[in-house]
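As a plain string of letters, each chain reads:
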Amino acid sequence: MRMYDIIEKKRDGKELTNEEIQFFINGYTAEEIPDYQVSALLMAIFFQGMTAKERADLTKAMVESGDQIDLSAIDGVKVDKHSTGGVGDTTTLVLAPLVASLGVPVAKMSGKGLGHTGGTIDKLESVPGFHVEITNDAFVRLVNENKVAVIGQSGNLTPADKKLYSLRDVTATVNSIPLIASSIMSKKIAAGADAIVLDVKTGEGAFMKVLEDSKELAKAMVSIGNQVGRKTVAIISDMNQPLGFAIGNALEVKEAIETLRGKGPRDLTELCLTLGSQMVVLAGMATDVDDARAKLMENLENGKALEQFKVFLKAQGGDSSVVDDPTLLPEAAYKVELPAKSTGTVEAMFANELGTAAMQLGAGRATKDSMIDLAVGLVLHKKIGDKVSEGESLLTIHANNEDLEQIKAKLYDSITISTKSVTVPTLIYDTITE
Ligand code: URA
Ligand code: CA
């Protein structure tokens, strides 16, 4: 088999066989096929697309390019959740203990944040003592005992995806639905879950800005999951503005605690109930999504979800007293309000810009090696559609330095106030099951 013929076949719009896809992935992982030939194939895929079968074959080849996590020692149906990347997206912190409180095993492998979107591990590490450096044995034991544990990414998971992603980044081939779908799904499948719930974001702050594209990506991922024997459901949710009010590590832990108390922001709570219901159904712990939702709401109200969060933090070395006393979390030295310059209705809150502002305050990493400040970030007081009067605070800046003029200018540019009527974006657009 020759790479040249594979490139030519895809260039001419033909379907590649499983053997051809394996040849290219194995050869590239082993550094036997050069970047320039893979670049040409990626561009051919970008223009010609891939059939459902090709996408599944590509995903399987990437899964098999490295280690796969074996979660079979954990009892029950392991359900993972993945978000395509949001700003202020506190859902995992809420969902893990909430779903676990119903007995669903949550064995979560998470990453650190990069760029303007935050990482679950950074957020959890703002709880004093909490750590994710645990052995695989401890991880399995904790999930069996407590139904929830989080471990850092380790081992040689999907090396083919790492190489391909870096190459796509410099060859203008990131934005291809078959390539994005296989990249995301290969990592989820290698991480060992039996079933997967995807939160595909749509809107200004998302990878996919147009609803139709988000749906197409969701369908591509659900189809891959179902073809390789992992039940997969996708929710399409809004990312035209940040989720909830808090953006920043410790600030989001505090927001998660409030949400687990049943007193969280409406949008965050609703998204957690929507995603959580799908997880509970896939795990076989409820008859349908309505039954699942009722059970989840009960555990928000009776304190069981919050109790589960304490157990989870403590089991991984964290100081669980932060749950009753959030002032024990890292706190910023300066809290500065951003007063509205005019009276009207909030028309836009650009999620990417607000996420970048939080990163510049120190909440996120500009590069892989940047140090982050767990205390800083933003807490919104208004969301799209809210009325605001001149001088009223739009948000609070939590900072550890006093010179905030540039950040303030950026924040004003990220929020628009209109005197006309404003439509509030829908939160949940669709559910994709096949
Ligand atoms: N996230 C991924 O993991 N892969 C992609 O290709 C795009 C987003
Ligand atoms: Ca939030």
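Scoring rules and cut-offs
Residues numbered from 1 in each chain as written. Chains lettered and ligands numbered in written order. Predicted model: local features only at pLDDT ≥ 70, side-chain atom pairs only at ≥ 80, totals over all residues. Heavy atoms only, no water. Salt bridge = Lys/Arg side-chain N within 4 Å of Asp/Glu carboxyl O. Helix = DSSP H or I, 4+ residues; strand = E, 2+ residues; numbered from the N terminus. Buried < 20%, exposed > 50% of the residue type's maximum accessible area, 1.4 Å probe, protein only. Contact = heavy atoms within 4.5 Å. 1 Å grid on protein atoms, 1.4 Å probe; cavity = no way out; pocket = protein on both sides within 12 Å on 5 of 7 lines; lining within 4 Å. Points joined across faces, edges and corners; volume = space filled by probe spheres on them. Nonpolar A, V, L, I, M, F, W, Y, C, P; charged D, E, K, R; others polar. Near = heavy atom within 4 Å. Polar contact = N/O pair within 3.5 Å; in protein donor to acceptor, adjacent residues only side chain to side chain. Areas by Shrake-Rupley, 256 points an atom, 1.4 Å probe, with all protein chains shown as cover. Domains from an automatic or database assignment. Pairing = 2+ DSSP bridges. Axes fitted to C-alpha atoms, helices over the stretch in contact; angles between N-to-C directions.

(A) Structural context of the pattern of salt bridges. Going through the model one piece at a time under the given rule, you end up with 26 salt bridges. For Asp-430, the salt bridge goes to Lys-215, with nearest N and O atoms at 3.5 Å. Placement of the pair is Asp-430 in strand E13 (residues 428-432) and Lys-215 in helix H10 (residues 211-227), with a sequence separation of 215 residues. The exposure class assigned to Asp-430 is partly exposed, which follows from its relative accessible area of 24%. With a closest N to O distance of 2.5 Å, Glu-331 and Lys-335 form a salt bridge. Three or more residues joined by partner-sharing salt bridges are found here, namely Lys-53, Asp-57 and Lys-60.

(B) The arrangement of the environment of Leu-273 in detail. Tracing the backbone shows Leu-273 in helix H12 (residues 266-282). Owing to a relative accessible area of 5%, Leu-273 belongs among the buried residues under this scheme. Along the backbone, Leu-273 and Ile-25 are 248 residues apart, and their C-alpha atoms lie at a distance of 38 Å. Those residues within four positions of Leu-273 in sequence are excluded, and the remaining contacts are Arg-293, Leu-296, Met-297 and Leu-300.

(C) Inspection of empty space enclosed by the protein at higher detail. In the structure shown here, the tally under the stated rule is three cavities of 30 Å³ or more. Considered as a void within the structure, the second largest cavity measures approximately 50 Å³ in volume. Around the second largest cavity, the lining residues are Val-79, Asp-80, Lys-81, Thr-92, Leu-95, Ala-96, Val-106, Lys-108 and Met-279. Put simply, the parts of the chain that give the lining of the second largest cavity at least two residues each are strand E1 (79-83), helix H5 (91-100) and strand E2 (106-110). Taken together, the residues of the lining of the second largest cavity break down into five nonpolar, one polar and three charged.

(D) Inspection of the site of ligand 1 at higher detail. Taken together, Tyr-165, Arg-168, Ile-180, Ser-183, Ile-184, Lys-187 and Phe-207 make up all the residues around ligand 1. At 2.6 Å from a nitrogen atom of ligand 1 is found a side-chain nitrogen or oxygen belonging to Ser-183. Burial of ligand 1 by the protein amounts to 85% of the accessible area it has alone, namely 240 Å². Examining the composition of the shell around ligand 1, we find that four residues originate from one element, helix H9 (residues 177-190), more than from any other.

(E) The arrangement of the side chain of Ser-126 in detail. Examined against the element boundaries, Ser-126 turns out to sit in the loop between helix H6 (120-124) and helix H7 (136-146). Side-chain polar atoms of Ser-126 contact the backbone oxygen of Lys-123, separated by 2.6 Å. Residues within four places of Ser-126 in sequence aside, it is in contact with Asn-249, Ala-250, Val-253, Leu-329, Pro-330 and Leu-374.

(F) View of the domain arrangement of the protein. Each assigned domain of the protein is listed here: domain 1 (3-49), domain 2 (79-325) and domain 3 (331-418). For domain 1 versus domain 3, the separation of C-alpha centres amounts to 45 Å.

(G) Quick look at the sheet that holds strand E5 (residues 231-238). Taking strand neighbours across the sheet as the criterion, the four strands line up as E1-E4-E5-E13 in an open arrangement whose pairing is mixed. One side of each edge strand has no neighbouring strand; the edge strands of this open sheet are E1 and E13. Here the strands of the sheet are splayed against their neighbours by 15° on average, with no regard to which way each runs. Strand direction decides the pairing type here: E5 and E13, joined by four bridges, are antiparallel. For Ala-234, the partnering residue across the bridge sits in E13 and is Ile-432. Strands strand E4 (195-202), E5 and E13 of the sheet are contacted by H10, whose axis makes an angle of about 165° with E5.

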